[in-house]
Amino acid sequence: MIAPNPNDPDRRTFLAVAGAGVLVSNIMAQKQAVPLAPPDKQPPDLKVPDPPKKPAGYAIVGLGQLALEQVMPAFAECKRSKPVALVSGHPDKAKKVAAAYGIDPKNVYDYQTYDKLADNPAVDAVYIILPNSMHAEYTLRGLKAGKHVLCEKPMAANVAECERMIDAAKEAKKKLMIAYRLRYEPFNMKAIELVRGGEIGKLKSITASHCQNTEAPNIRLSRELAGGPVGDVGIYCLNACRYLTGEEPTEVTAVAQQPKDDPRFKEVPESVTFTLRFPSGVIATCDCSFGTDESRRYRALGADGFLELDPSFPYHGLRLRVQKGGKISEYKLEEKNHFAGEMDHFSECVLDGKDPRTPGEEGLADVRVIAAIEEAWKIGKMVAVSK
Ligand code: NAD
């Protein structure tokens, strides 16, 4: 190759071109040197994130209105609960529900094959959503099959049945919880915190009302199925008075109205008004009815103000207000699905060994008061609540 003459003016051009060539080849070399795959870099102190916790598998027992309209859809909002089996007397309906919720058709049972749940390890718990008269039998059979039991309110038809259910759960070493959904949602929990925390001063009285128009035919209108307004809707008022005070009533009075001209109320009263006396001196007045327009509310009256939840018992739209010193303030809380909260709590009990917030004893306490209310309206006198 002929070396360029340094005096040649074209030499600069030559050098510039040659230099550019070197630059380009350097850049290309560099580009080729960029590693295309990441290095096998490992953090020195590896933290493995927790895997999602295993959900508890539920068998839903009874596919009526509550099960289909509220409980099954609520599983979508559950973190630790999954429907894995169904128990129904109607195979076609159960098949459709199983298909919609991805439940293996092998896991559909009826009331005769219910006990075979014992052989199904996918089922941790049964959720009993049957007429009240069937709660005790299906709880006892569920426990015998080795399952934990979540049972709808009212716990059972009478005190003796409730006691049998509690004893059987203890003997089987399984959890028993009564499905008081309002104890698993923010508005009623806040009301408990405020009233018990002294926000309205010393609590003096409570008024509560839970009324609706119940059309026939309905399990609620049947004595044989342990229907009636006190166990069905009045129980929300009674339970609220117990959770707001944190006390057990000692005495009750009650009056009932059973109109002869309305065939719906041949077996159960239309309306019952009852009063409860608590050890602290709090007096509660509650009314429940199957023959009026909707009323679902309570007000706790204290020495310095009052707390009102109106409505207090429906699935949605609860409103919590407190009046103090003539000023009303409203608590805006995030609404949560009551059934998802309740089932996930029970799943924690089943899987993590926690104790239910509303165990069988809670259901029994209400049923004891309901028995006293029934006696009070029958004999027309104040009745002591049995212990
Ligand atoms: P429903 O009548 O709609 O459903 C009852 C289910 O039981 C049906 O699937 C029916 O086929 C079945 N069943 C089996 N044997 C029966 C028999 N001999 N007679 C009648 N039905 C029989 O009632 P529901 O409103 O779904 O109420 C069921 C339970 O849930 C009751 O204990 C009720 O108190 C409770 N409940 C609770 C809430 C709540 O908010 N927690 C709301 C509604 C109902």
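Remember, it's a predicted structure, so these values are computed and weren't measured experimentally.

Chemist: How should the sheet that holds strand S11 (residues 291-302) be read in this particular structure?
Modeler: The pairing of strands in a sheet comes from backbone hydrogen bonds and takes either a parallel or an antiparallel form. Pairing in this open sheet of nine strands is mixed, and the strands run S14-S13-S12-S11-S7-S10-S9-S8-S15 from one edge to the other. Whereas interior strands pair on both sides, the edge strands pair on one side only; in this sheet they are strand S14 (327-331) and strand S15 (383-384). Packed on one face of the sheet, helix H9 (residues 360-379) meets strand S8 (251-257), strand S9 (271-277) and S15 and runs near 60 degrees to S8.

Chemist: Help me understand the environment of histidine 316 in this model?
Modeler: When you line up the elements, histidine 316 lands in the loop between strand S12 (305-309) and strand S13 (320-324). Judged by its relative accessible area of 54%, histidine 316 is exposed. In terms of polar contacts, histidine 316 uses its side chain to reach the side chain of glutamate 335, at 2.7 Å.

Chemist: Would you explain unusual backbone geometry in this entry?
Modeler: What is expected of a backbone is that most residues other than glycine have negative phi and most peptide bonds are trans. Following lysine 153, the chain continues into proline 154 via a peptide bond in cis, with omega recorded as -15 degrees. Among the secondary structure elements, proline 154 is positioned in the loop between strand S5 (148-151) and helix H5 (159-172). A cis amide bond links alanine 216 to the next residue, proline 217, at an omega of -5 degrees. The topology assignment puts proline 217 in the loop between strand S7 (203-213) and helix H7 (229-245). Look at lysine 173: it is not a glycine, yet its phi comes out positive at around 55 degrees. On the secondary structure map, lysine 173 appears in the loop between H5 and strand S6 (176-178). For alanine 226, which is not a glycine, the phi torsion comes out positive at approximately 60 degrees. When you line up the elements, alanine 226 lands in the loop between S7 and H7.

Chemist: Before we go on, may I ask you to explain the pairing of strand S4 (residues 125-128) in this structure?
Modeler: Side-chain positions along a regular strand alternate between the two faces of the sheet. Residues Ala125 and Tyr127 line one face of S4 and the alternating positions Val126 and Ile128 line the opposite face, and both faces are buried. Alignment of strand S1 (residues 56-61) against S4, held across four bridges, turns out to be parallel. Across the sheet, residue tyrosine 58 finds its bridge partner in S4, namely alanine 125. As defined by bridge partners, S4 adjoins S5 across four bridges and the pair is classed as parallel. Note on S5: the bridge partner recorded for tyrosine 127 is leucine 150. Between S4 and its parallel partner S5, the chain crosses via helix H4 (residues 135-144), and the hand of that crossover is right-handed.

Chemist: What is the right way to read the pairing of S7 from this model?
Modeler: Across nine bridges, the pairing between S7 and S11 is antiparallel. Counterpart to cysteine 211 in the pairing with S11 is serine 295. Inspection of the sheet shows S7 paired to strand S10 (residues 283-289) by seven bridges, in the parallel sense. Directly across from alanine 208, in S10, lies its bridge partner cysteine 286.

Chemist: What exactly am I supposed to notice about helix H3 (residues 91-100) here?
Modeler: In an α-helix, one full turn covers 3.6 residues, which means residues spaced three or four apart are oriented alike. By the burial criterion, the buried members of H3 are Ala94, Val97 and Ala98. Mapping the buried residues of H3 onto a view down its axis gives an arc of 100 degrees, with all of them on the same face. Exposed side of H3, more than 90 degrees from the buried face: Asp92, Lys95, Lys96, Ala99 and Ala100 are the residues found there. Looking one or two residues past H3, glycine 102 carries a phi angle of roughly 65 degrees, positive in sign.

Chemist: I tried to follow the packing of helix H2 (residues 65-74) against helix H8 (residues 338-352) on my own but got confused; where do I start?
Modeler: Interhelical geometry of H2 versus H8 gives an angle of 65 degrees and a closest axis separation of 8 Å. The two elements H2 and H8 cross, and the hand of that crossing is right-handed. Contacts from Leu66, Gln70, Val71 and Ala74 of H2 reach H8 at Phe339, Ala340 and Met343. In the contact of H2 with H8, the residues fall into six nonpolar, one polar and no charged.

Chemist: Mind showing me how you'd approach the sheet that holds strand S2 (residues 81-87) here?
Modeler: With respect to topology, six strands assemble into an open sheet ordered S3-S2-S1-S4-S5-S6, the strand pairing being parallel. The sheet is open, and its two edges are formed by strand S3 (108-109) and S6, each paired on a single side. The sheet contact formed by S1 and S2 spans six bridges and is parallel. Bridging across to S2, glycine 57 finds its partner in lysine 82.

Chemist: Sorry if this is basic, but what is going on with the nonpolar core here?
Modeler: In summary, soluble globular proteins display a tendency toward joint burial of nonpolar side chains. Among the nonpolar cores identified, the biggest contains 79 residues, and Leu117, Phe274, Leu276 and Tyr298 are the most heavily contacted of them. With near-sequence residues (within four places) excluded, leucine 276 lies in contact with Leu238, Cys241, Pro249, Glu251, Val252, Val282, Ile283, Ala284, Cys286 and Val369. Counting 28 residues, the second-largest nonpolar core is a separate cluster that includes Ala74, Ala340, Met343 and Val350.

Chemist: Is there a simple way to think about the packing of aromatic side chains in this case?
Modeler: For any pair of aromatic rings, the description rests on two quantities: the centre-to-centre distance and the angle between the ring planes. Taken as a whole and assessed by the stated rule, the structure comprises six aromatic pairs. When the ring of tyrosine 114 is compared with that of tyrosine 138, the centres are 5.0 Å apart and the planes differ by 55 degrees; the resulting orientation is tilted. Of this pair, tyrosine 114 sits in the loop between S3 and S4 while tyrosine 138 is found in helix H4, placing the two residues 24 residues apart along the sequence. For the pair tyrosine 114 and tyrosine 138, a shared accessibility class is recorded, and that class is buried.

Chemist: What should I look at first to understand the pattern of salt bridges in this one?
Modeler: Oppositely charged side chains can pair when the atoms bearing their charge come close. As enumerated under the stated definition, the model contains 25 salt bridges in all. Of the charged contacts, one joins glutamate 362 and arginine 242 as a salt bridge, the two residues approaching to 3.1 Å between their closest N and O atoms. Here glutamate 362, found in helix H9, pairs with arginine 242, found in helix H7; they are 120 residues apart in sequence, far enough to count as distant. Note on glutamate 362: relative accessible area 14%, which makes it buried. Put simply, arginine 321 and glutamate 308 hold a salt bridge, and the shortest N to O gap is 3.8 Å. Here arginine 321, found in strand S13, pairs with glutamate 308, found in strand S12; they are 13 residues apart in sequence, far enough to count as distant.

Conventions adopted
- Residues numbered from 1 in each chain as written.
- Predicted model: local features only at pLDDT ≥ 70, side-chain atom pairs only at ≥ 80, totals over all residues.
- Heavy atoms only, no water.
- Pairing = 2+ DSSP bridges.
- Helix = DSSP H or I, 4+ residues; strand = E, 2+ residues; numbered from the N terminus.
- Contact = heavy atoms within 4.5 Å.
- Axes fitted to C-alpha atoms, helices over the stretch in contact; angles between N-to-C directions.
- Buried < 20%, exposed > 50% of the residue type's maximum accessible area, 1.4 Å probe, protein only.
- Polar contact = N/O pair within 3.5 Å; in protein donor to acceptor, adjacent residues only side chain to side chain.
- Right-handed = clockwise from strand over helix to strand, strands pointing away.
- Arc of directions from axis to C-beta.
- Left-handed = near helix turned anticlockwise from the far one by under 90°.
- Nonpolar A, V, L, I, M, F, W, Y, C, P; charged D, E, K, R; others polar.
- Core = buried A, V, L, I, M, F, W, Y, C linked by side-chain atoms within 4.5 Å.
- Phe/Tyr/Trp six-rings, centres within 6.5 Å; stacked < 30°, edge-to-face > 60°.
- Salt bridge = Lys/Arg side-chain N within 4 Å of Asp/Glu carboxyl O.

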